[in-house]
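Breakdown of the fold
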Amino acid sequence: MKTKNKNLTSLEDFIEQHYGKVGTPKRDELEAGYESFKIGVLLQEARLQKGMTQEELAIKAGTTKSYISKIENNVKEVKFSTLQKIVELGLGGHLELSIKL
């Protein structure tokens, strides 16, 4: 039987301690940043799965390599319509959106 180390803090407790509870401004800012980061990672994974360079994706999607790089590296936020174009025209995929309550 494993015993828990009393000095360990769960990720949720750590986040609440440093950023507040869900719904507070500081926590909302953290969550929004995470979503932008996640979009960049998902885009990069899809591009690599297709065996494409950033330049190849940019040409197919009608944008620039620099723009793709900025999205993948969480330097630039992307509009939904632009992300949809990158996914559909550039990657030949389909972008889905869900809302959780």
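Report follows, based on the coordinates. (Residues numbered from 1 in each chain as written. Predicted model: local features only at pLDDT ≥ 70, side-chain atom pairs only at ≥ 80, totals over all residues. Heavy atoms only, no water.)

1. Some points on the packing of helix α3 (residues 54-61) against helix α5 (residues 80-90)
Two numbers describe how α3 lies on α5: the axes approach to 8 Å, and their chain directions differ by 100 degrees. By the angle class used here, α3 and α5 are roughly perpendicular. Mapping the contact onto sequence places L57, K60 and A61 in α3 and K85, I86, L89 and G90 in α5. Looking at the contact of α3 with α5, its residues break down into 4 nonpolar, 1 polar and 2 charged. (Axes fitted to C-alpha atoms, helices over the stretch in contact; angles between N-to-C directions. Helix = DSSP H or I, 4+ residues; strand = E, 2+ residues; numbered from the N terminus. Parallel < 35°, antiparallel > 145°, perpendicular 65-115°, else oblique. Contact = heavy atoms within 4.5 Å. Nonpolar A, V, L, I, M, F, W, Y, C, P; charged D, E, K, R; others polar.)

2. Here's the deal with the nonpolar core
Membership of the largest hydrophobic core is limited to 10 residues, which are L43, M52, L57, A58, A61, Y67, I68, I71, I86 and L91. Of all the secondary structure elements, the ones that give two or more residues to this core are α3 and α4 (65-72). In this view, L57 contacts L43, R47, M52, I68, I86, G90 and L91; residues no more than four positions away in its chain are not counted. (Core = buried A, V, L, I, M, F, W, Y, C linked by side-chain atoms within 4.5 Å. Buried < 20%, exposed > 50% of the residue type's maximum accessible area, 1.4 Å probe, protein only.)

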